[in-house]
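# Understanding the architecture of this molecule
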Number of protein chains: 2
Amino acid sequence: MQQRLTPKRLAIVEVLAGASRPLALPEILELGDGLAQSSVYRNLVVLERAGVVHRIVTAEASRFELAEELTGHHHHLICTSCGMVEDVPAASGLEASLADAVTPVEDATGFRTKTHRIDLVGLCKNCL
Amino acid sequence: MQQRLTPKRLAIVEVLAGASRPLALPEILELGDGLAQSSVYRNLVVLERAGVVHRIVTAEASRFELAEELTGHHHHLICTSCGMVEDVPAASGLEASLADAVTPVEDATGFRTKTHRIDLVGLCKNCL
DNA sequence: CTTTCTGCAAACGATTTGCAGCAGC
DNA sequence: GCTGCTGCAAATCGTTTGCAGAAAG
């Protein structure tokens, strides 16, 4: 099982690269052109396994964005009213405190942290 | 539209109160006894609107836990291998740094933060 | 009685999958 | 040719909803 970088896959990656926030499937279908829904889903799975895209699950639907290795580590603003998700760059002080906080938890639980997610949940400018 | 605290609703709350992690629906059905699936869903919506339970959306299904006002603020360990979710109490130093980090973001974006989520993503003891 | 709750079964919507044809190597 | 990719339509699965009866006030 080896995989190709087909034009379709490239198109999906480019659509995601052009966005400043995670995209839901209908958005990918619109922005990319002439993509079949099922193929997009299939390709997103492939790309996810390849570590190229990352899936974010929200209440209504999944959203997809390029993996952090490609976009830089960041966090999300999530609007509870309209469902908007926006990227914000990670603050370095915060990352450091998080690293400090993680260690004792790992020791206590045997959990091995690979990455983390920090989401700020509230209302966006438009929904205030 | 006013609502009652029926035995069924109480049963759901008690099941959630007895767990140390967010539960998926099948788990609630097993632990609670004689509950109909649709009624549990409906009651969870009611309880969610009442601010008693909180819904967490994962890749496979929704999970539910008591609201933080009742359980204390905490974060989650999420295992990417088996889907397990476990609660961890929030570290106070971390909360403080997060508060510091949030302010400039709010100023820059006009976003109003109501709450936040911090998830540690990795592998649990059993899946290591 | 009127309103809310319940269970059942049917409906729904996002995602997945089976299949047959096409394209890359 | 063999293997992987694609689109279409059908299937799947968690969740929601319509309905008629039961329970609460």
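All of the points below concern the structure found in this document.

What counts, and where the lines are drawn
- Residues numbered from 1 in each chain as written.
- Chains lettered and ligands numbered in written order.
- Predicted model: local features only at pLDDT ≥ 70, side-chain atom pairs only at ≥ 80, totals over all residues.
- Heavy atoms only, no water.
- Contact = heavy atoms within 4.5 Å.
- Salt bridge = Lys/Arg side-chain N within 4 Å of Asp/Glu carboxyl O.
- Polar contact = N/O pair within 3.5 Å; in protein donor to acceptor, adjacent residues only side chain to side chain.
- Helix = DSSP H or I, 4+ residues; strand = E, 2+ residues; numbered from the N terminus.
- Near = heavy atom within 4 Å.
- Nonpolar A, V, L, I, M, F, W, Y, C, P; charged D, E, K, R; others polar.
- Pairing = 2+ DSSP bridges.
- Axes fitted to C-alpha atoms, helices over the stretch in contact; angles between N-to-C directions.
- Least-squares fit on C-alpha atoms with pLDDT ≥ 70 in both.
- Parallel < 35°, antiparallel > 145°, perpendicular 65-115°, else oblique.
- Expected span 1.5 Å × (residues − 1).
- Buried < 20%, exposed > 50% of the residue type's maximum accessible area, 1.4 Å probe, protein only.
- Arc of directions from axis to C-beta.

### Observations regarding the interface of chain B and chain A
Reports of interface size often rely on the accessible area that becomes lost once the parts have come together. Chain B puts 34 residues into the contact, and the matching count from chain A is 34 residues. For the interface between chain B and chain A, the tally reads 2 salt bridges. Where Asp119(B) meets Arg117(A), a salt bridge forms, and the shortest distance between an N and an O atom there is 3.2 Å. At the surface where chain B touches chain A, the tally comes to 9 residue pairs in polar contact (both at pLDDT 80 or more). Going through the elements one at a time, β4 (74–79), α5 (92–109) and β6 (112–123) of chain B are the ones with two or more residues in the side of chain B that touches chain A. Per-element accounting of the side of chain B that touches chain A gives the leading share, 12 residues, to β6(B).

### Comments concerning the protein's contact with DNA strand C
In the vicinity of DNA strand C, 22 residues are found, and the nearest of them are Tyr41(A), Lys8(B), Arg9(B), Ser39(B) and Arg42(B). Close to the protein, within 4 Å, the atoms of DNA strand C are drawn from sugar and phosphate at a rate of 67%. Within the backbone of Ser62(A), one N or O atom sits 2.8 Å away from a phosphate oxygen of DNA strand C. Each residue belonging to the surface near DNA strand C can be placed in one class, and the counts come to 4 nonpolar, 10 polar and 8 charged.

### A closer look at the protein's contact with DNA strand D
Within the structure, DNA strand D sits among 22 residues, and Lys8(A), Arg9(A), Ser39(A), Arg42(A) and Tyr41(B) are positioned closest to it. Atoms of DNA strand D within 4 Å of the protein belong to the sugar or the phosphate in 67% of instances, the rest to bases. Contacts to DNA strand D include Lys8(A), whose side-chain N or O atom sits 2.8 Å from a phosphate oxygen. Ala36(A) is positioned with one of its backbone polar atoms (N or O) 3.3 Å from a phosphate oxygen of DNA strand D. Its residues placed into classes, the surface near DNA strand D shows 4 nonpolar, 10 polar and 8 charged.

### Remarks on the sheet that holds strand β3 (residues 62–66) of chain A
All names here are of chain A. As summarised here, the arrangement of the 3 strands in space is β1-β3-β2, forming an open sheet in which the pairing is antiparallel. Whereas interior strands pair on both sides, the edge strands pair on one side only; in this sheet they are β1 (23–24) and β2 (53–57). Where β1 lies against β3, 2 bridges are found, and the strand directions are antiparallel. The residue bridging Ala 24 from the neighbouring strand is Arg 63, located in β3. Across the sheet, helix α1 (residues 7–17) is in contact with β1, β2 and β3; its angle to β3 comes to roughly 90 degrees.

### Notes on the relation of the copies chain B and chain A
With an axial shift of 0.0 Å and an RMSD of 0.2 Å, the rotation relating chain B to chain A amounts to 179 degrees. Each copy turns onto its partner about a two-fold axis. For chain B, the smallest separation between a C-alpha atom and the rotation axis is recorded for Ile118(B), amounting to 2.3 Å. Comparing contact sets, 100% of the residues at the interface of chain B also lie at the interface in chain A, consistent with an isologous, same-surface contact.

### So, the packing of helix α1 (residues 7–17) of chain B against helix α3 (residues 37–49) of chain B
Residues and elements named next belong to chain B. In the contact formed by α1 and α3, the axes pass within 10 Å of each other and the chain directions differ by 75 degrees. By the angle class used here, α1 and α3 are roughly perpendicular. Contacts from Lys 8, Arg 9, Ile 12, Val 13 and Leu 16 of α1 reach α3 at Val 40, Asn 43, Leu 44, Val 46 and Leu 47. Taken together, the residues of the contact of α1 with α3 sort by class into 7 nonpolar, 1 polar and 2 charged.

### Section: helix α3 (residues 37–49) of chain A
All names here are of chain A. The first and last C-alpha atoms of α3 sit 19 Å apart over 13 residues, in line with the 18 Å expected at 1.5 Å per residue. For α3, every residue scored as buried is listed here: Val 40, Asn 43, Leu 44, Val 46 and Leu 47. One face of α3 carries all of its buried residues, which in axial projection span an arc of 165 degrees. Exposed residues pointing more than 90 degrees away from the buried face of α3 are listed as Arg 42 and Arg 49. On the buried face of α3, the contacting elements are α1, α2 (25–31), β2 and β3.

### Notes on the pattern of salt bridges
Here the structure, examined in full by the defined rule, presents 8 salt bridges over all chains. Note that Arg21(B) is salt-bridged to Glu27(B), the shortest N-O span being 2.9 Å. Since its relative accessible area comes to 22%, Glu27(B) is described here as partly exposed. By sharing partners, the salt bridges in this structure join Arg21(A), Glu27(A) and Arg63(A) into a single network.

### Digging into the side chain of Asp119(B)
If you trace the backbone, Asp119(B) turns up in strand β6. For Asp119(B), the contacting residues outside a window of four places in its chain are Thr115(A), His116(A), Arg117(A), His76(B) and Ile78(B).

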